[in-house]
Amino acid sequence: MRVHLLHTDRDFDSELALPAGAEDLARDLELETVWQAMAQGDKLVYEVARRATLRPLTDLDEIRHRQAILRDCLAHPDALHSLYTLAGEAIAAPRGIWGSLSSSPRSILDQSVRKLAVLATFLAQLRDAAAEHAPKLASPGLTRLCAMLAEELDCAYLERVGAHLRELKFKDGIVVSARLQASNRGAGYTLRRPREQGRLARMFDRSGYSFTIPERDVAGLRALSELEDRAVNLVANAIAQSVDHVLSFLIALRTELAFYVGAVNLAQRLHAKGEPTAMPVPRAGGAQALSAAGLYDVSLSLTVGPRVVGGELAADGRRLVMITGANQGGKSTFMRALGLSQLMLQSGLFVGAESFSASVATALFSHYKREEDTALRSGKLDEELSRMSAIADAIGPGALLLCNESFAATNEREGSEIARQVVNALLDCGVRIVFVTHLFDLADSLHRSRAADGLFLRAERGADGERPYKLIEAPPLQTSYGADSYRKVFGHDPVGSSVRWHPHS
Amino acid sequence: MEAQVSILFDLEPPAPEPVPEPDCFADLHLDRIVGWLLDRHEQYELAPLYRQPLHTVEAVAYRQAVVRDLERAEVRAAVGAFAERMRLMRRHLRLARTLHYACQRQRWFLDAVGVYCETVAALRESLCELELGSDGLRRIRDHVTRLCTSASFEALGEQAAGLQQQLAATRYLIHMNGMTVRVLAHEERPDIGGEVLETFAKFAQGAVKDYRARFRERDEMNHVEAQILDGVAQLHPGVFAELEQFCQRHRDYVDPDVARFDRELQFYLAYLELIAPLRAAGLEFCEPRVSRESKETRVLETFDLALARQLVYAGGSDARVVVNDIGLDGEERVIVLTGPNNGGKTTFARTFGQLHHLAALGLPVPGSSARLFLPDRVFTHFEREESIETLRGKFEDELYRIHAILEHATADSVIVLNEAFGSTTLHDAELVGTRVLEQLVELDALCVFVTFVDELAGLGETVVSMMSTVDPDEPAVRTFRVVRRAADGLAYAAAIAHKYGLGYETLKRRVAP
């Protein structure tokens, strides 16, 4: 019995190591805010959301599988919540059952039989709840789950379970088969069903060889109970493992449902403040698709009161998206919106946009300037280079790399040259890059050499130096808008800014 | 009576009697080496074998040939398997002697016989497939072949196997109800555990915890098990009666020559096991060419086995063991060894003594090649740790001991004197040392004389001067390299002075720039 709500052909593995660079990505895209909004205090939801978003899918069918289930859940949150709650209650129920402190097979068996009896009642409830909701569900994933519960947990099956549990109380004693091993001791103890025999017949049965242990023979009683333990050892193990198996099925069910609980929570938060969401269109990797309308940064929207402004993007067929322009012109926000949407698409979630369509990336990486680093300049560059080197260890063709002010820790010429080499190498390897930079040398040279497969966006300067969060397709400008910011803060012109060293390649 | 078959002695083996530890063992750290050799091999009582050096070239060659065979992986595998199975057999026999219930004792005895028959047959089969170069192993092969084809051995094996099969096929049921236990003849009944597993198989979600209890398997059964076994015996009377008769009939079934081979084999295997990690760490061992006539000595890349073993076991493959060459040509007999402390003088002296004892045991010695004299005895005198009341007392004690050595040593002896007279004045040490050295030269014995008296190194044609050295760039690092060189007590002092900027010129400039 498999849940298969997050993958079409396997269970969700919540132990699996996260891919290289996942921590940086989470930090750079501010995923924490998104996970918190999904979890709403539920630790399981948080954990599943975290792991699912950081392990993006690459298979289009798998993405569509999750999207279909998500549509069902958004339309019928009551069905989702009733199954999620029942699974949770079932998992908690056996915790109240304690056996003796001994871990002998007899006591393990006794305890496990009682736990299974409780779990069996929950399995029946789960089956009934699934049957109730099944008619209104449309996704193959949920339909299959409901059908499986109905079929596998039918009355006949649960009756068989009950019969086992009764038999394991051993009303007629324990019968075990054995053979002689080295040393002429018994071995291979296997629990056998006693012959069907009336009570009376049993009393007068004199076959074989029998003896009775006197009550005062403490050592004999201990030996007898060890023999019983040996006799039930395998079946105790089987029953205890069955408890674990049933529990792990329930845990898998609850875990996979948790993802959708989180998705519904997030949608409700965004819809409550009037933000649009859209089910994105996943495209094959080779298509180099990337286009969006009304694209906004979900994590930003979750942290500010008013709605945030969305942006447009038409980068189909472009390997490189280079964003230049004014400081605080919305470059970083836009790139985060883009990265977040890509990640949400590949997790099977909706995105924060009116529409979004993108090719799936084989992996996502981010390389951001670390503002908070106060190390010396050379140390900062070392740190950046070593991070980029770690990315290079893990990245491959078809991946998407988000660079935010990379290699700005050194002077423009040096930084541009390093970045140019990195960018060109990666592009030629088939990596897709979104690069935010104020390195004019870099942007300008790439604009000339990568005109065919690059898209160059510029943070638009509004009238009177006002910042509209808007990007237009335009070649890089030689000056940035640092002077504006300076003036705004200092109230006077940055003296000497006009003689700032500008490199020309 | 047939001659005994031995892989240690080409002629009649010596009568077994206790052999005391030779005096030189502690000084040469041979006591440690033998201690390691006995480790995990206690049951074979090997100590006397390692304490008895051989005195003829033929006797040494007989063992060296066996070692050559045993150095081959396929031979090692064959005899190693034999030794392992014989240990198992002895474990069975121990239980067959010590357990309480007769039914159990008899079964262990039967299993011991079973193991023995298989083991001897397997040994014969594997030895017959091998090309054996040594007389020792060939004698064993012939003996085992005769043994295996004897009617009595064949009958023993068949009976044991037949009984084992019958017992292994014995099945029964136990019905426990309250305090009553009933043993029943076997009949097919459904397996409840299997059915339970099948019912819950659909929930399987990958690996789960194993809840099976691990029962302590005591050798001795308890009285409830014993009563059940009685019941089983009543249900199967024939096989249990047969078992009892078998044990009475075959009390002394182990062939004495097989038993001796099992023990003597360990003499070699223990040593080869000891040196295997050293070889893996890159150290070489070789079969020495031994002579009773020529005292020419030439050993390349040799080392102290005890020290190397410690270093390699402690440091794994990182262990740095320094190797040295030893050479005495023509009439050269005495090595006078001087040089800085901690430079490896004592290690070198030990190595020299170890080499001669190990070669006389017929074993491979440390080094890439070795030509050694086969001495009548190895004498050692190492400075004693134990306190003696006065310096004079200590000096006199040393003189007594050296005198005793000179009394007993012959021209065919090997003598190692380490830091003799270290506790006396230079003048006394030179005086007495010169005298002792003159007598050693006169004796014509092979000798290593470790001393701090440089002057001793220049005493005559047959005396060779060697020095321990330090790394010139890092004088504080001991190199343990000992080289043939005229004695020069100032070399180390100059090097260490330079390192600390205390050389003559340096110090002058520092004090008065």
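Rules used throughout
Residues numbered from 1 in each chain as written. Chains lettered and ligands numbered in written order. Predicted model: local features only at pLDDT ≥ 70, side-chain atom pairs only at ≥ 80, totals over all residues. Helix = DSSP H or I, 4+ residues; strand = E, 2+ residues; numbered from the N terminus. Buried ≥ 20, exposed ≤ 12 C-beta atoms within 10 Å, placed from the backbone. Contact = placed C-beta atoms within 7 Å. Nonpolar A, V, L, I, M, F, W, Y, C, P; charged D, E, K, R; others polar. Pairing = 2+ DSSP bridges. Axes fitted to C-alpha atoms, helices over the stretch in contact; angles between N-to-C directions. Core = buried A, V, L, I, M, F, W, Y, C linked by C-beta atoms within 7 Å. Domains from an automatic or database assignment. pLDDT = per-residue confidence, 0-100. Parallel < 35°, antiparallel > 145°, perpendicular 65-115°, else oblique.

### Focus on the overall build of chain A
Here is step 1 of the chain: What chain A contains, in helices and strands, is 16 helices and 13 strands.
Here is step 2 of the chain: Going through the 505 residues of chain A one by one, you find that 43% of them count as buried.
Here is step 3 of the chain: Residue pairs in contact within chain A that sit at least 24 positions apart in sequence constitute 75% of those at least 6 positions apart.

### Examining the overall build of chain B
Here is step 1 of the chain: A tally of helices and strands in chain B yields 18 helices and 14 strands.
Here is step 2 of the chain: Put simply, chain B has 513 residues, and 38% of those count as buried.
Here is step 3 of the chain: Across chain B, contacts joining residues at least 24 apart in sequence account for 74% of those joining residues at least 6 apart.

### With respect to unusual backbone geometry
One can expect most non-glycine residues to show negative phi and most peptide bonds to be in trans.
Here is step 1 of the chain: With a phi close to 55°, His4(A) is a non-glycine residue in the positive phi region.
Here is step 2 of the chain: Along the chain, His4(A) turns up in the segment before α1 (22-28).
Here is step 3 of the chain: Residues other than glycine seldom take positive phi values, yet Glu301(B) does so here, at roughly 50°.
Here is step 4 of the chain: Position of Glu301(B) among the secondary structure elements: in strand β5 (residues 297-302).
Here is step 5 of the chain: When the 16 C-beta atoms within 10 Å are taken as the criterion, Glu301(B) is described as partly exposed.

### Topic: the interface of chain A and chain B
Here is step 1 of the chain: Listed by partner, the interface residues are 58 residues for chain A and 55 residues for chain B.
Here is step 2 of the chain: When grouped by side-chain class, the residues that make up the side of chain A that touches chain B number 27 nonpolar, 19 polar and twelve charged.
Here is step 3 of the chain: In this structure, strand β3 (residues 209-212) of chain A lies alongside strand β2 (residues 180-185) of chain B, joined through four bridges in antiparallel fashion. Across the sheet, the residue bridging to Phe211(A) is Val181(B), located in β2(B).

### Overview of the sheet that holds strand β9 (residues 369-373) of chain B
Residues and elements named next belong to chain B.
Here is step 1 of the chain: Spatially, β4-β9-β5-β6 is the arrangement adopted by the four strands of the open sheet, whose pairing is mixed. Only two strands of the sheet have a single neighbouring strand rather than two, namely β4 (289-291) and β6 (324-328). Neighbouring strand axes in the sheet, compared pairwise and without regard to direction, differ in orientation by 20° on average.
Here is step 2 of the chain: The sheet contact formed by β5 and β9 spans three bridges and is antiparallel. Residue pairing in the sheet places Leu300 in a bridge with Ser369 of β9.
Here is step 3 of the chain: Across the face of the sheet, helix α14 (residues 345-360) comes into contact with β4, β5, β6 and β9 while running at roughly 80° to β9.

### A closer look at the pairing of strand β7 (residues 334-338) of chain B
Residue and element names in this part refer to chain B.
Here is step 1 of the chain: With five of five residues buried, β7 lies mostly within the body of the structure.
Here is step 2 of the chain: Across the two faces of β7 the burial is the same, with Val334, Val336 and Thr338 and Ile335 and Leu337 all buried.
Here is step 3 of the chain: Sheet topology note: the β7/strand β12 (residues 446-450) ladder contains four bridges and is parallel. Pairing of Val336 across the sheet is with Phe449, part of β12.

### Section: the nonpolar core
Here is step 1 of the chain: By size, the foremost hydrophobic cluster in this structure holds 148 residues, and its most contacted members are Val235(A), Ile239(A), Leu257(A) and Leu401(A).
Here is step 2 of the chain: Considering every element that reaches this core, the biggest residue donor is helix α10 (residues 218-272) of chain A, with 25 residues.
Here is step 3 of the chain: Looking at this core, you find at least three residues from each of domain 1 (57-168 + 245-272) and domain 2 (281-487) of chain A.
Here is step 4 of the chain: When residues no more than four places from it in sequence are discounted, the contact partners of Val235(A) are Leu109(A), Leu168(A), Leu191(A), Ile192(B), Gly193(B) and Val196(B).

### Quick look at the environment of Gln166(B)
All names here are of chain B.
Here is step 1 of the chain: Following the sequence through the fold, Gln166 ends up in helix α8 (residues 151-168).
Here is step 2 of the chain: A count of 16 C-beta atoms within 10 Å places Gln166 in the partly exposed class.
Here is step 3 of the chain: Along the primary structure Gln166 and Gly238 are separated by 72 residues, whereas in three dimensions their C-alpha atoms are 9.9 Å apart.

### Points about the pairing of strand β2 (residues 186-192) of chain A
Residues and elements named next belong to chain A.
Here is step 1 of the chain: Two elements, strand β1 (residues 174-180) and β2, share five bridges in a ladder whose sense is antiparallel. Pairing of Leu180 across the sheet is with Gly186, part of β2.
Here is step 2 of the chain: If you look at the hairpin formed by β1 and β2, you'll find five residues sitting between the two strands, and Ser183 has a positive phi there, around 75°.

### Side note on the confidence of the model for chain A
Here is step 1 of the chain: Across chain A, the average pLDDT comes to 86, with 87% of residues at or above 70.
Here is step 2 of the chain: Predicted confidence for residues 372-379 of chain A stays below pLDDT 50, and this span has six contacts to residues more than four positions away or in other chains.

### Quick notes on the confidence of the model for chain B
Should pLDDT be low for a region, the predicted coordinates there are not to be read in detail.
Residues and elements named next belong to chain B.
Here is step 1 of the chain: Per-residue confidence for chain B gives a mean pLDDT of 86; residues scoring 70 or more make up 87%.
Here is step 2 of the chain: Note on residues 500-504: pLDDT is under 50 here. Beyond four places in sequence and across chains, it has six contacts.
Here is step 3 of the chain: This complex was scored by the predictor with a pTM of 0.60 and an ipTM of 0.70.

### Overview of the packing of helix α4 (residues 60-75) of chain A against helix α7 (residues 140-152) of chain A
Residue and element names in this part refer to chain A.
Here is step 1 of the chain: Orientation of α4 relative to α7, taken along the N-to-C sense of each, is 75°, at an axis distance of 7 Å. Overall, the two elements α4 and α7 adopt an arrangement that is roughly perpendicular. The segment α4 lies against α7, with His65, Ala68, Ile69 and Asp72 engaging Pro140, Gly141 and Leu142.
Here is step 2 of the chain: When its residues are assigned to classes, the contact of α4 with α7 shows four nonpolar, two polar and one charged.

### Considerations on the sheet that holds strand β1 (residues 171-177) of chain B
Think of a sheet as strands paired side by side through backbone hydrogen bonds, with each pair either parallel or antiparallel.
Here is step 1 of the chain: Taken together, five strands build an open sheet; the order of strands is β2(A)-β1(A)-β1(B)-β2(B)-β3(A) and the sheet is antiparallel. A single partner strand is all that each edge strand has here, and the edge strands are β2 and β3 of chain A. Averaged over all adjacent pairs, the angle separating strand axes in this sheet is 25°, with direction ignored.

### Thoughts on the packing of α10(A) against helix α10 (residues 223-235) of chain B
Here is step 1 of the chain: Look at α10(A) against α10(B): their axes get within 8 Å of each other, and the N-to-C directions meet at 70°. Taken together, the axes of α10(A) and α10(B) are roughly perpendicular relative to one another. Side by side, α10(A) and α10(B) meet where Gly220(A), Ala223(A), Leu224(A) and Leu227(A) of the first sit next to His223(B), Val224(B) and Glu225(B) of the second.

### Quick look at the environment of His143(B)
All names here are of chain B.
Here is step 1 of the chain: Within the fold, His143 resides in helix α7 (residues 135-148).
Here is step 2 of the chain: For the pair His143 and Asp257, spaced 114 residues apart in the sequence, the C-alpha separation amounts to 8.2 Å.
Here is step 3 of the chain: In contact with His143, other than residues within four places in its own chain, are Val5 and Asp257.

### Section: the environment of Arg387(A)
All names here are of chain A.
Here is step 1 of the chain: Here Arg387 shows up in helix α13 (residues 377-394).
Here is step 2 of the chain: Residue Arg387 is classed as partly exposed on the basis of its C-beta count, with 18 C-beta atoms lying within 10 Å.
Here is step 3 of the chain: Sequence separation between Arg387 and Gly21 is 366 residues; the distance between their C-alpha atoms is 9.0 Å.

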